[in-house]
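A structural walkthrough
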Amino acid sequence: MIEIQDLSLAYGAQVLFEEVNWKVNPGERVALVGKNGAGKSTLMKILAGEIAPDSGRVVRAGNISVGYLAQDVMLIRGRTIWEEALEGKDEILALERELRRYEHLISELDPDSSDMQRRLNRYARLQEEFEEKGGYLAESDAAAVLSGLGFPKDRWEEPTENFSGGWQVRLHLAKLLIRRPDVLLLDEPTNYLDLENILWIESVIRDYPGAVVMVSHDRALLNRAVNRVAEVGNKTIGDYRGNYDYYLEERERRYEILENAFKNQQREIRQTERFIERFKAKSTKAAQAKSRMKALEKMEVIELPREDATVRVTLPTAPRSGKEVIRVSDLTRAYNGRAIFAPVNLNIYRGDRVALLGPNGAGKSTLMRLIAGQDQPTAGKVEIGMSVTPRYFAQDQVSTLLPDRTVLAEAEQDAPDEWRARVRDLLAAFLFRGDEVFKKAGVLSGGEKSRLCLAKILCGTANLLLLDEPTNHLDLVTKERLLQALLKYQGTIVFVSHDRHFLKGLATRVLEIENGVVNDYPWGYEDYLWWKEESQRK
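Not measured: the values here are computed from a predicted model.

**Focus: the overall build of the chain**
- Helix and strand counts for the chain stand at 17 helices and 20 strands.
- Within the span of the chain, comprising 538 residues, buried residues form 46% of the whole.
- Summarising the internal contacts of the chain: among those between residues at least 6 apart in sequence, 68% fall at separations of at least 24.
- If you average the places of the 77 positive and of the 82 negative side-chain charges in the chain, the two averages end up 7 Å apart.

This is the structure we're talking about:
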């Protein structure tokens, strides 16, 4: 459907692609993976026609349509959510408005008036035209997509400018899914979605009638909805016919084969060089030495891709706390007289790893702020146990950074003296390597600032970690490093996350806010899902 031929692209001295040939076929769900900066989003923009390569070309079959969701989207203004969702279907919208007008006119007419039949006939013709042009189907599709992405039905007629950046991204995604282009290019489609919406978009991608190419850091999505993985890096694109777990296994197998071939070739090169050095000056062997020298010059040398050294995140030892870490008693929080949730009573104990779940707006972050002491309850109280030292990572944590302080200085600020020598190792795990640790916080991107704030909290000696969406802005590898570090952490963790792989690996207990009630499930994430499914069947 889309093919790139002999494509090359460089930014200054950094070569992203060099004479690359690659193709997207009908029905494929392709995940683009690779290190930060490898060129995944750049490749998406090339496929979308937003960036021209230095050489080579992008070929599209026939008149295929392509839809592209970027990470940074334009703010939509001037129309309602419903009108924007049906963009490109202006004739249907005009017919719908005319139908609504006639409904109003008919409702105000006397049933016995001479105009009633004429109005009814006109209304019937409008209905027929609306149906012939696919109006009911378009409306049904739009309603299903808006609902699936979490837009409350009572807000569909609101102006789009009433919705924040995260909702604006959802709206752009909704418009693409309603339009159904032949090829969907999705750069981080699950950003800003809660778990229910992620499950919905997963089913849409899995059953999409066209082709899908996406960048995502949601490992569960890449395993459940993808049938091909394309690894971007080392100036090329490597292909793997399977999901993300298959990619990891096959990549390791291919690397071992390549490494063995590299070792054998290096051994052959060393032997050949010794032969040449030994016999090039001897008349009886000079011809052979010259022949081997030419063969060596023509040899296609195997290059191993540069592999990052395995970086393990090790956290400072958490001092032992008392058995009861948090006690919540009759806790409520109201805004403008409306309670966010019913009174909460619960205890959290040493070693618990508690996941806070619930749809966006349910009150997860509010409950986290109340526990952290960053907000005051309307009623009830939160008590922190004996010898408990909490640290809180908020979604807006970046505002605490000092712009003139370096990355290293920020990270070292709360690190214990005996652990400061290891701070740079932890920063490397969060993608601050080499001289990057001397960058000023003020010049970092939003994602870099968030990673620094998380690293800074993990450098401290807290024995209670309160983490609100800690995996945002982390790539797949860094997420896995964080997960493995937290599994070895000896303190207590309360966290909010929409990443199913992270939830499955870390949570030993689930608190779900549902319809204003906090429900306590004393199990891990998978057992919680099983219980929910069984409850729905009953």
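**Observations concerning the packing of helix 9 (residues 244-279) against helix 10 (residues 286-298)**
- As a packed pair, helix 9 and helix 10 sit with axes 9 Å apart at the nearest point and diverge in direction by 145°. Here helix 9 runs over helix 10; the crossing is left-handed. In this structure, helix 9 uses Ile269, Thr272, Glu273, Phe275, Ile276 and Phe279 to contact helix 10, whose residues at the interface are Ala286, Gln288, Ala289, Arg292, Met293 and Leu296.
- The residue makeup of the contact of helix 9 with helix 10, split by class, is eight nonpolar, two polar and two charged.

**Some points on the packing of aromatic side chains**
- For the coordinates displayed, the defined rule picks out twelve aromatic pairs.
- Linked through ring pairs, Tyr521, Trp523, Tyr525, Tyr528 and Trp531 together constitute an aromatic cluster.
- The residue whose ring lies beneath Arg155 is Phe163, and the NZ or CZ to ring-centre distance is 4.2 Å.
- Positioned above the aromatic ring of Phe432, the side-chain terminus of Arg451 is 5.3 Å from the ring centre.

**Section: the sheet that holds strand 15 (residues 379-384)**
- One open sheet holds the three strands; their spatial order is 13-10-15, and the pairing between them is antiparallel. For this open sheet the edge positions go to strand 13 (344-349) and strand 15, each flanked by a neighbour on one side alone. Here the average twist between neighbouring strands, direction ignored, is 5°.
- Taken together, the five bridges between strand 10 (residues 324-332) and strand 13 define a ladder with antiparallel strand orientation. If you follow Arg327 over to strand 13, its bridge partner there is Asn347.

**Things to note about unusual backbone geometry**
- Phi at Asn336 is positive, roughly 55°, even though this residue is not glycine.
- Structurally, Asn336 can be placed in the loop between strand 11 (334-335) and strand 12 (338-339).
- Here the phi dihedral of Ser387 falls at roughly 60°; this positive angle occurs in a residue that is not glycine.
- Following the sequence through the fold, Ser387 ends up in the loop between strand 15 and strand 16 (390-393).
- In this structure Ser387 comes out as exposed when scored by relative accessible area, which is 52%.

**Remarks on the domain arrangement of the chain**
- As far as domains go, the chain holds domain 1 (1-65 + 181-242), domain 2 (255-298) and domain 3 (324-537).
- Distance from the C-alpha centre of domain 2 to the C-alpha centre of domain 3: 57 Å.

**Some details on the pattern of salt bridges**
- Counted by the stated rule, this structure contains 29 salt bridges.
- Between Glu410 and Lys456 there is a salt bridge, and its shortest N-O distance comes to 2.7 Å. Residue Glu410 is located in helix 12 (residues 407-412), and its partner Lys456 is located in helix 14 (residues 446-458); the two are separated by 46 residues in the primary sequence.
- Lys456 gets classed as buried once you look at its relative accessible area, which sits at 11%.
- Between Arg509 and Asp520 there is a salt bridge; the shortest N-O distance is 2.7 Å. Of the two residues, Arg509 is situated in strand 19 (residues 509-514) and Asp520 in strand 20 (residues 517-521); the sequence distance between them amounts to eleven residues.
- Where salt bridges share partners, they join Glu202, Arg206, Asp218, Arg224 and Arg500 into one cluster.

**Comments concerning the state of the cysteines**
- Per the counting criterion, the structure on display carries zero disulfides.
- Here Cys453 stays unpaired: no disulfide links it, and the sulfur of Cys459, its closest cysteine neighbor, is 12 Å away.

About the criteria used
All chains use their own residue numbering, which begins from 1 and follows the written sequence. Per-residue local features of the predicted model are confined to residues with pLDDT of at least 70, and side-chain atom pairs are confined, for both listing and counting, to 80 or more; whole-chain, interface and lining totals are unaffected and use all residues. The basis for the side-chain values is all heavy atoms of the structure; hydrogens and waters are excluded. Under the scheme used here, helices are H or I runs from DSSP no shorter than 4 residues and strands are E runs no shorter than 2 residues, and both carry numbers assigned from the N terminus. Each residue gets one of three labels from its accessible area relative to the maximum for its type: buried under 20%, exposed over 50%, partly exposed in between, using a 1.4 Å probe on protein chains only. What makes two residues a contact is simply this: any of their non-hydrogen atoms within 4.5 Å. His is not counted, nor are the chain ends, whereas Lys and Arg count as positive and Asp and Glu as negative. For this purpose, a charge sits on NZ of Lys, CZ of Arg, CG of Asp or CD of Glu. Lines fitted to C-alpha atoms define the axes here, with helix axes fitted over just the stretch in contact, and angles between the N-to-C directions of these axes take values from 0 to 180 degrees. The hand of a helix crossing depends on one turn: near helix anticlockwise from the far one by less than a right angle means left-handed, and clockwise means right-handed. In this classification, Asp, Glu, Lys and Arg are treated as charged, Ala, Val, Leu, Ile, Met, Phe, Trp, Tyr, Cys and Pro as nonpolar, and every other residue, Gly included, as polar. For Phe, Tyr and Trp, rings pair up if their centres lie within 6.5 Å, where Trp contributes its six-membered ring, and each pair is then called stacked (planes under 30 degrees apart), edge-to-face (over 60) or tilted (otherwise). Two thresholds decide whether a charge sits over a ring: the Lys NZ or Arg CZ must be within 6 Å of the ring centre and within 35 degrees of the ring normal. For two strands to be treated as a pair, DSSP must find no fewer than two bridges joining them. Domain start and end points were adopted from an automatic or database domain assignment. Just to be clear on terms, a salt bridge is a Lys or Arg side-chain nitrogen sitting within 4 Å of an Asp or Glu carboxyl oxygen. Cysteine sulfur pairs qualify as disulfides if the two atoms are within 2.5 Å.

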